[in-house]
Amino acid sequence: MALNNIWIGFILIAFIVALCKLLILGDTDVFTHIISSTFSSATTGFEISLGLTGILSLWLGLMKIGEKAGLIERFARLSSPVFSKLFPELPENHPATGSIFMNFSANLLGLDNAATPIGLKAMQQLQELNHKKDTASNSMIMFLCINASGLTVIPITIMMYRAQFNAVNPSDIFLPILLTTFFSTLVAIVSVCIIQKINVFQKNLFLFFGGMIIFIGGLMWLFRSMNQEQIALYSTLFANILLFAIICGFIFSGLRKKLNVYETFIEGAKEGFKTAINIIPYLIAIFVAIGVFRASGAMDFLTDGIRICITTLGWDARFVEGLPTILMKPLSGSGSRGMMLDAMNTFGADSFAGRLSCIAQGSVDTAFYIVAVYYGSVAIKKSRYTITCALIADLAGAVAAIMMTYLFFSDAI
């Protein structure tokens, strides 16, 4: 679904709801609130965009060092036993393998804007091997469904946003996102493997996913035995150590290759700066639309309706405030990001809703957007079962995000 349609939809729904409130309820201030929200939302969107400049420049600079130092290539060789099973159509050592790995690596680091250009390159290389140019190949479907599942290990951007909203521990959502994205990615891979008749019990795949399941299960068991303070302490410590180790590893790999590390970093940082500047108008646009949508009362109608249903069943309804991010995520990355930022701005970065929105935003990706952009870049018209598997992965991620928020942040308000 095009972001343009979503943006227009928000505005139209807001106008209809506001008009109904004026005519039926006699609320003469509703349009005043809407206009005020457009200005404040535009300002907030611009400030948030500027905050992205530094973090994108930093990590794209480090990624450039890792790429030129051959670190990415070495990781690709290490991953080949698994890749050869998930993408059996790819010839050995085909360039698409390296592009797919680099795309996955950028996603793992939470660098969405870096992953997309590399992903488009991978799609073009996969299209060269595709015998039916208007129909998605099996490799394309596997690639896109894994992308749609989130595949995030280091949610740099999410932690940066939390820092901007004055979270006490911006990285405390690191482990919950890791657990959630593991479940969504596993569901995506298994669902595609079933349709493509790929044996998930092959030795390499079985050992890899079996090991991951045991590792993730062990983490969940460990943290379930801890109180909230211990969970926050250890997850934050682990996240910070891992982040620092990655930074040092990329720099040391560049030094070993005798690269001009500084110049290489600057080259990548310039790309990050350009990317951050380019997203300013898009973030302002979606922020204004969401602000208008909320100011009109439309968001309250939606969440209140769901909350009534949940409380009627006797369930804890705190997760309802995070549902806008979850519901928007399959449609638009910018839209769901705006919903996440709005939740933190409205309820607080350390609130239950704020944390749930961050976990949901960092754990799955935009199924419809990814399919439209990636397939559109190579003129694929028949997506086959891509959307179905991607939405199954998104649903698994949404359920896991809610569960992890209750597990890690049950004391949050």
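Residues numbered from 1 in each chain as written. Predicted model: local features only at pLDDT ≥ 70, side-chain atom pairs only at ≥ 80, totals over all residues. Heavy atoms only, no water.

> Would you mind showing me how to read a nonpolar patch on the surface here?
A contiguous nonpolar surface patch, about 730 Å² in accessible area, is contributed by Phe15, Ile16, Leu19, Leu23, Ile24, Leu25 and Phe31. The leading source of residues in the nonpolar patch is helix α1 (residues 3-25), at six residues. Structurally, Leu25 can be placed in helix α1. (Patch = residues over 30% accessible without salt bridge, like charges linked within 9 Å, V, L, I, M, F, W, Y side chains within 5 Å. Areas by Shrake-Rupley, 256 points an atom, 1.4 Å probe, with all protein chains shown as cover. Salt bridge = Lys/Arg side-chain N within 4 Å of Asp/Glu carboxyl O. Helix = DSSP H or I, 4+ residues; strand = E, 2+ residues; numbered from the N terminus.)

> Looking at this structure, I do not really get unusual backbone geometry. What am I missing?
It is generally the case that most residues other than glycine have a negative phi and that most peptide bonds are trans. One non-glycine residue with positive phi stands out, namely Asn166, at about 65°. Relative to the elements of secondary structure, Asn166 occurs in the loop between α7 (156-164) and α8 (174-196). The class of Asn166 is exposed, set by a relative accessible area of 65%. Look at Lys197: it is not a glycine, yet its phi comes out positive at around 60°. Structurally, Lys197 can be placed in the loop between α8 and α9 (203-224). (Buried < 20%, exposed > 50% of the residue type's maximum accessible area, 1.4 Å probe, protein only.)

> I'm lost on the pattern of salt bridges in this one. Help?
A side chain with one charge can pair with a side chain of the opposite charge if their charged atoms come near. Applying the stated criterion across every chain, the model contains five salt bridges. Its salt-bridge partner being Asp350, residue Arg162 comes within 2.9 Å of it at the nearest N-O pair. Linking Arg162 in helix α7 with Asp350 in the loop between α15 (333-347) and α16 (352-363), this pair joins segments that are 188 residues apart in sequence. Residue Arg162 is classed as buried on the basis of its relative accessible area of 0%. Through salt bridges with shared partners, a single ionic network connects Arg162, Asp172, Asp350 and Arg355.

> Would you mind going over the environment of Leu207 with me for this structure?
Relative to the assigned elements, Leu207 resides in helix α9. Judged by relative accessible area, which is 53%, Leu207 ranks as exposed. For the pair formed by Leu207 and Val82, sequence separation is 125 residues and the distance between their alpha carbons is 9.7 Å.

> Help me out: how do you make sense of the packing of aromatic side chains in this one?
By convention here, two paired aromatic rings are described through the distance between centres and the angle between planes. With the rule as written, the count across this model stands at six aromatic pairs. Where Phe352 meets Tyr406, the ring centres are 4.7 Å apart and the plane angle is 55°; that geometry is what we call tilted. Residue Phe352 is found in helix α16, and its partner Tyr406 is found in helix α18 (residues 386-409); the two are separated by 54 residues along the sequence. A relative accessible area of 1% means that Phe352 is categorised as buried. Across the ring face of Phe352, the terminal group of Arg318 is positioned such that the distance to the ring centre comes to 4.4 Å. (Phe/Tyr/Trp six-rings, centres within 6.5 Å; stacked < 30°, edge-to-face > 60°. Lys NZ or Arg CZ within 6 Å of the ring centre and 35° of its normal.)

> What's the story with helix α6 (residues 138-148) in this structure? I'm lost.
Residue pairs three or four apart in sequence face the same way in an α-helix, which turns once every 3.6 residues. For α6, the buried fraction is high: ten of the eleven residues fall into the buried class. Residues of α6 that are buried: Ser139, Met140, Ile141, Met142, Phe143, Leu144, Cys145, Ile146, Asn147 and Ala148. Looking one or two places after α6, you find Gly150, whose phi comes out positive at around 110°.

> Got a minute to help me understand the packing of α8 against α16 in this structure?
For any two helices packed against each other, the geometry is given by the interaxial angle and the distance between the axes. It is at 9 Å that the axes of α8 and α16 come closest, and there the two elements cross at 45°. With respect to α16, the axis of α8 lies oblique. Once α8 is placed against α16, the crossing between them reads as right-handed. Along its contact with α8, which presents Pro176, Ile177, Thr180, Thr181 and Ser184, the element α16 presents Cys358, Ile359, Gly362 and Ser363. Grouping the amino acids of the contact of α8 with α16 by side-chain chemistry returns four nonpolar, five polar and no charged. (Axes fitted to C-alpha atoms, helices over the stretch in contact; angles between N-to-C directions. Parallel < 35°, antiparallel > 145°, perpendicular 65-115°, else oblique. Left-handed = near helix turned anticlockwise from the far one by under 90°. Contact = heavy atoms within 4.5 Å. Nonpolar A, V, L, I, M, F, W, Y, C, P; charged D, E, K, R; others polar.)

> Whenever I open this one, the environment of Ile189 confuses me. Can you help?
Residue position: Ile189 is located in helix α8. Judged by its relative accessible area of 5%, Ile189 is buried. In this structure the C-alpha to C-alpha distance between Ile189 and Cys389, which are 200 residues apart in sequence, comes to 8.7 Å.

> It is not clear to me how the packing of α8 against α18 should be interpreted in this structure. Could you clarify?
Two elements in contact, α8 and α18, have axes separated by 8 Å at closest approach and are oriented at 155°. Taken together, α8 and α18 sit at an angle that is classed as roughly antiparallel. Relative to α18, α8 is oriented so that their crossing is right-handed. When α8 is examined against α18, the residues Leu175, Pro176, Leu179, Thr180, Phe183, Ser184, Val187, Ala188, Ser191, Val192 and Ile195 are found in contact with a partner set consisting of Cys389, Ile392, Ala393, Ala396, Gly397, Ala400, Ala401, Met404, Phe408 and Phe409. For the contact of α8 with α18, a count of residues per class yields 17 nonpolar, four polar and no charged.

> What should I look at first to understand empty space enclosed by the protein in this one?
One way to see where empty space is left: roll a probe the size of a water molecule over the atoms. Applying the stated criterion across every chain yields a total of two cavities of 30 Å³ or more. For the second largest cavity, the calculated volume is near 30 Å³. Around the second largest cavity, the lining residues are Arg294, Glu321, Pro324, Thr325, Met339, Asp342, Ala343 and Ser357. Counting residues per element, the ones that place at least two in the lining of the second largest cavity are α14 (323-328) and α15. Sorting elements by how many residues they give to the lining of the second largest cavity places α15 first, with three residues. (1 Å grid on protein atoms, 1.4 Å probe; cavity = no way out; pocket = protein on both sides within 12 Å on 5 of 7 lines; lining within 4 Å. Points joined across faces, edges and corners; volume = space filled by probe spheres on them.)

> So what exactly am I meant to see when it comes to the confidence of the model for the protein chain here?
As a note on interpretation, predicted positions should not be read in detail where pLDDT is low. Per-residue pLDDT for the protein chain averages 80, and the proportion of residues at 70 or more is 86%. No element of the protein chain has a lower mean pLDDT than helix α3 (residues 71-86), which averages 74, and none a higher one than α6, which averages 91. (pLDDT = per-residue confidence, 0-100.)

> For this particular structure, what's the right way to read the nonpolar core?
Where a protein is soluble and globular, its nonpolar side chains tend to be buried together. One finds Phe87, Ile100, Met123, Phe143 and Tyr375 to be the most contacted residues of the largest nonpolar core, which totals 77 residues. Looking at this core, the element that brings in the most residues is α8, giving ten residues. Setting aside residues no more than four positions away along its own chain, Phe143 makes contact with Phe87, Ile100, Asn103, Phe104, Gly119, Ala122, Met123, Leu126 and Tyr374. One finds Leu62, Met63, Ala106 and Val261 within the second-largest nonpolar core, a separate group that totals ten residues. (Core = buried A, V, L, I, M, F, W, Y, C linked by side-chain atoms within 4.5 Å.)

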